[in-house]
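Observations on the model geometry
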Amino acid sequence: IIGGDKTLRGEWPWQVSVWLRSQSKGSHPLCGASLISPCWVLTAAHCFKRFGRDPSRYILRLGDYHTEEQDDFERTLSPERIVIHRKYHSQGWEYDIALLRLKGTEGNCVAFNPHTGAVCLPEAGHRWEKRPTSCVITGWGITGSSHTSSTDLEYSRTLLQAWVPLLPAWRCKKRYGDRFTGRMLCAGSLSDRHRVDSCQGDSGGPLVCQGEGGRWVLTGVISWGHGCGNPSFPGVYTRVSRFLRWIDKVVNKPYKS
Ligand code: 4AZ
């Protein structure tokens, strides 16, 4: 997260970290992800580009805050299944969405606690950027000061957050052309003085916006962009409201292994 601040422990209880099982101590998570129900975690498809789709290669941490310390509510789980959107292609950025099934019987995979809980999904067709909305991104990815163009090229050891404005689609169309589609959201700071963005290591993690009644809604999945923190090249997010039927289908389909 570029231009972010420290979070409080338990502040974003749906935040999940995705690790390669063989990662050594002192390394950083591969991706972020979001808990959407007791058995399902939503993330980006491109998180599995490098190391493949075998669930046994990965571990998930719930209730995590500090990547190198055992936090009070932290739990390590392994995914039972990785479901990547079948239209996702590793050469492109479309359909950058994946669901991870946790081990356990339906409804009984993880117990929620003060530092672990699910985020709400948006309503179908909700177009957040119609009204100027500030949303929050969170992650353990590469950091950088909000006032300089350089990133630290260092992953954060504590979970960071940043407020990021949603931008009209044309801001991203102008920069990315046809690579930016209606299944994506454009977000970032336009100010050269206060750069806010997601970066490498944050992808798969949440972009949440506050809906009516102050509920946090999972509006985007951190996906891609040209560099990090450059106001000319906003961050691109998978637009969750366009994938509700896909999510419903995957989550509610009877599964036989
Ligand atoms: C990445 O490499 C990445 N600035 C994620 C988000 C952004 C750029 C790169 C957006 O995973």
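Everything numeric here is computed off the predicted structure, so don't read it as measured data.

1. Thoughts on the overall build of the protein
When helices and strands are tallied, the protein shows two helices and 16 strands. Rg of the C-alpha trace for the protein: 17 Å, near the compact-globule value of 18 Å for 257 residues, within the 12% margin. Along the longest, intermediate and shortest principal axes, the C-alpha atoms of the protein span 45 × 40 × 40 Å. Among the 257 residues that make up the protein, the fraction classed as buried is 55%. When contacts within the protein are restricted to residue pairs at least 6 apart in sequence, those whose partners lie at least 24 apart make up 70%. Taken as a whole, the protein presents about 12,200 Å² of accessible surface, with 49% of it coming from carbon and sulfur. Both charge centroids of the protein, one from 34 positive and one from 23 negative side chains, sit 8 Å from each other.

2. Side note on the nonpolar core
Ranked by size, the top nonpolar core spans 47 residues in total, and within it Leu-35, Ile-36, Leu-42, Phe-48, Leu-99, Val-208 and Trp-246 carry the most contacts. Elements that contribute at least two residues to this core include exactly strand E2 (15–20), strand E3 (31–37), strand E4 (40–43), strand E5 (58–62), strand E7 (79–84), strand E8 (98–102), strand E15 (216–224) and helix H2 (244–252). Residues contacting Leu-35, with those up to four places away along its chain left out, are Trp-14, Val-16, Trp-40, Val-41, Leu-62, Leu-102, Val-110, Phe-112, Thr-116, Gly-117, Ala-118 and Val-119. Ala-162, Leu-166, Leu-185 and Leu-207 belong to the second largest nonpolar core, which has 14 residues in total.

3. Observations regarding the site of the ligand
Surrounding the ligand, one finds His-46, Asp-197, Ser-198, Cys-199, Gln-200, Ser-203, Trp-224, Gly-225, Gly-227, Cys-228 and Gly-235. Take Ser-198: an N or O atom from its main chain is 2.8 Å from a nitrogen atom of the ligand. Take Ser-203: an N or O atom from its side chain is 2.9 Å from an oxygen atom of the ligand. In terms of residue class, the shell around the ligand is made up of three nonpolar, seven polar and one charged.

4. Thoughts on the confidence of the model for the protein
Chain-level pLDDT for the protein is 93 on average; 95% of the residues reach the 70-or-more range. Interface confidence for the predicted complex, given as ipTM, is 0.98, next to a pTM of 0.95.

5. So, the state of the cysteines
Linking two cysteines covalently via their sulfur atoms produces the bond known as a disulfide. Per the counting criterion, the structure on display carries five disulfides. Covalently, Cys-199 is tied to Cys-228 through a disulfide, its sulfur atoms 2.1 Å apart. What sets the handedness of the Cys-199 and Cys-228 disulfide is the S-S torsion sign, and at about 80 degrees it is right-handed. Note that Cys-199 is positioned in the loop between strand E13 (184–187) and strand E14 (206–210) and Cys-228 in the loop between E15 and strand E16 (235–239), a separation of 29 residues in sequence. Assigning the bonded cysteines of the protein consecutive numbers by sequence position, one obtains the connectivity 1-3, 2-4, 5-9, 6-7, 8-10. In this structure Cys-120 is not part of a disulfide, and its nearest cysteine sulfur, from Cys-209, lies 12 Å away.

6. Structural notes on the pattern of salt bridges
Applying the stated criterion across every chain, the model contains four salt bridges. Between Arg-61 and Glu-74 there is a salt bridge whose closest N-O contact spans 3.4 Å. One end of the pair, Arg-61, is in strand E5; the other, Glu-74, is in the loop between E5 and strand E6 (75–77), and 13 residues separate them in sequence. Considered together, Arg-61 and Glu-74 belong to a single accessibility category, that of buried residues.

7. Quick word on the sheet that holds E2
Across the sheet, which stays open at both edges, the seven strands sit in the order E6-E5-E2-E3-E4-E8-E7 with antiparallel pairing between neighbours. The open sheet has two free edges, formed respectively by E6 and E7, since each of these has just one partner strand. Direction aside, the axes of adjacent strands within the sheet are offset by 30 degrees on average. In terms of strand pairing, E4 meets E8 through four bridges, oriented antiparallel. Looking at the pairing, Thr-43 lines up with Ala-98 of E8. Helix-sheet contacts for H2 involve E3, E4, E7 and E8, and the interaxial angle to E8 is about 25 degrees.

Quick notes on the rules
In this convention, every chain numbers its residues from 1, walking through the sequence in written order. Selection of residues for local features in this predicted model requires a pLDDT of at least 70, selection of side-chain atom pairs for listing and counting requires 80 or more, and totals for whole chains, interfaces and linings are taken over all residues. To obtain the side-chain values, all non-hydrogen atoms of the structure were included, while hydrogens and water were left out. Per the convention used, a helix needs a DSSP run of H or I reaching at least four residues, while a strand needs a run of E reaching at least two, with both numbered from the N terminus. The quantity called the radius of gyration is restricted to C-alpha atoms. Its globule counterpart is 2.2 Å times the number of residues to the power 0.38. Each residue is placed in one exposure class: buried if its accessible area under a 1.4 Å probe, protein chains only, is under 20% of its type's maximum, exposed if it is over 50%, and partly exposed if it falls in between. Only heavy atoms enter the contact rule, under which two residues are in contact if any of them lie within 4.5 Å. Using a 1.4 Å probe, accessible areas were evaluated by the Shrake-Rupley method; residue-level cover was limited to the displayed protein chains. For the purpose of charge, His is not counted, nor are the chain termini; Lys and Arg are scored as positive and Asp and Glu as negative. In plain terms, the charge of a residue is placed at NZ if it is Lys, CZ if Arg, CG if Asp and CD if Glu. Buried Ala, Val, Leu, Ile, Met, Phe, Trp, Tyr and Cys residues that are joined via side-chain atoms within 4.5 Å together make up what is termed a nonpolar core. We define proximity as follows: a residue is near a molecule or strand when any one of its heavy atoms falls within 4 Å of that partner. In protein, a polar contact requires one atom able to donate a hydrogen and another able to accept it; more generally it is a pair of N or O atoms within 3.5 Å, and residues adjacent in sequence count only if both atoms are side-chain atoms. Following the grouping adopted for this structure description, the nonpolar residues are Ala, Val, Leu, Ile, Met, Phe, Trp, Tyr, Cys and Pro, the charged ones are Asp, Glu, Lys and Arg, and the polar ones are all others, Gly among them. Known as pLDDT, the predictor's confidence for each residue is given on a scale from 0 to 100. Criterion for a disulfide: a pair of cysteine sulfur atoms at a distance within 2.5 Å. Think of a salt bridge as a Lys or Arg side-chain nitrogen and an Asp or Glu carboxyl oxygen that are within 4 Å of each other. Pairing between two strands is assigned when DSSP locates at least 2 bridges connecting them. Every axis in this analysis is a line fitted to C-alpha atoms, fitted for helices over the stretch in contact. Angles between the N-to-C directions lie between 0 and 180 degrees.

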